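Close look at the chain arrangement
For reference, the chains in residue letters:
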Amino acid sequence: MRTSSRTPDRALRRDAAALAAAMLAVGASFGAITITYGLPAWVPVLMSLIVFAGGSQFLAVGLIAAGNPVAAVLAGLLLNARHLPYGLAVAQSVGPRLRHRLIGSHLMTDEAVAFTLAEDDPARRRRTYWLIGVTLFTSWNVGTALGVWLGAAAGDPTVLGLDAAFPAGLIALVLPSLRDRDTRLTALAGAGLALLLTPILPAGLPVLCALLGLAALFRPRRRTPQGGTARREEAAAC
């Protein structure tokens, strides 16, 4: 029994360590990019401690550096609106007391919620949420500080390749989902729209307008002849 109970915990710690390594690299990318934008070194450090929002932080510093703080706020609210259903889903796992909910809501990330909801036992759910949340918060802030230091020391963070860590991570996450036709069309429509609007609109707005790519989901569907599906399945079987 002890062996069976320790095996999931060992696997969870291994997964948490892998996430921490990835978050360390992405946090370093964020810190270095912020220095590239010419913002003070305390900005990324303070933002990572107080905001802790990953991709929203990348978008925010870019828009702030471009002189569009209003778009930064709107984009941040839009990107983090998903935390409302997240909070409802893991409310029981965070803890019953007010301090648990305040701190737990600050540590909420996609990864923490995903790992928590993958567990069935309530006690394991709570343990998983706090382990993943604290691990990611710590590694993200350490990575940010490391990126700020390396960015300032190197002068040009692109020499170290730190600026590419976050885009590379996003591409790795997105590529598997592009196998789905609807997702692929929506992504291409949004990216194309953002590229077309970039020379016209202020910085940050083309990214928000890329959400209009979701309209591709409502395109007219081509009707297939009756029995067409069966014939395609028979052809594939052959």
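Residues numbered from 1 in each chain as written. Predicted model: local features only at pLDDT ≥ 70, side-chain atom pairs only at ≥ 80, totals over all residues. Heavy atoms only, no water.

The next point concerns a nonpolar patch on the surface. Among the surface-exposed residues, Trp 42, Val 45, Leu 46, Leu 49, Ile 50 and Val 51 lie close enough to one another that they form a single nonpolar patch of about 560 Å² accessible area. Position of Ile 50 among the secondary structure elements: in helix H2 (residues 42-50). (Patch = residues over 30% accessible without salt bridge, like charges linked within 9 Å, V, L, I, M, F, W, Y side chains within 5 Å. Areas by Shrake-Rupley, 256 points an atom, 1.4 Å probe, with all protein chains shown as cover. Salt bridge = Lys/Arg side-chain N within 4 Å of Asp/Glu carboxyl O. Helix = DSSP H or I, 4+ residues; strand = E, 2+ residues; numbered from the N terminus.)

The final tally for this structure, using the stated rule, is five aromatic pairs. Aromatic pair Phe 58 and Trp 140: ring centres 6.4 Å apart, planes at 65°, arrangement edge-to-face. With Phe 58 in helix H3 (residues 55-65) and Trp 140 in helix H8 (residues 122-154), this residue pair connects regions lying 82 residues apart in the sequence. Take Phe 58: its relative accessible area is 10%, and that puts it in the buried class. Ring geometry for Tyr 129 against Trp 130: centres 6.1 Å apart, planes inclined by 85°, an arrangement best described as edge-to-face. Three or more aromatic residues joined by ring pairs form one cluster here, namely Phe 30, Phe 58 and Trp 140. (Phe/Tyr/Trp six-rings, centres within 6.5 Å; stacked < 30°, edge-to-face > 60°. Buried < 20%, exposed > 50% of the residue type's maximum accessible area, 1.4 Å probe, protein only.)

Where helix H5 (residues 83-94) meets helix H7 (residues 110-117), the axes come as close as 10 Å, and the angle between the chain directions of the two elements is 55°. Viewed along their axes, H5 and H7 adopt a mutual orientation that is oblique. H5 and H7 meet at a crossing whose hand is left-handed. Between H5 and H7, the residues in contact are Tyr 86, Ala 89, Val 90 and Ser 93 and Asp 110, Val 113, Thr 116 and Leu 117, respectively. Class assignment of the residues belonging to the contact of H5 with H7 gives a composition of five nonpolar, two polar and one charged. (Axes fitted to C-alpha atoms, helices over the stretch in contact; angles between N-to-C directions. Parallel < 35°, antiparallel > 145°, perpendicular 65-115°, else oblique. Left-handed = near helix turned anticlockwise from the far one by under 90°. Contact = heavy atoms within 4.5 Å. Nonpolar A, V, L, I, M, F, W, Y, C, P; charged D, E, K, R; others polar.)

The tally for this structure, following the rule as stated, stands at four salt bridges. Note that Arg 127 and Asp 9 form a salt bridge whose closest N and O atoms lie 3.8 Å from each other. With Arg 127 in helix H8 and Asp 9 in helix H1 (residues 2-36), the pair connects residues that are 118 residues apart, well separated along the chain. The exposure class of Arg 127 is partly exposed, given its relative accessible area of 42%.

Tracing the sequence through the fold places Asp 15 in helix H1. Classification of Asp 15 as partly exposed rests on a relative accessible area of 30%.

Function-wise, these values are silent; they only describe arrangement.
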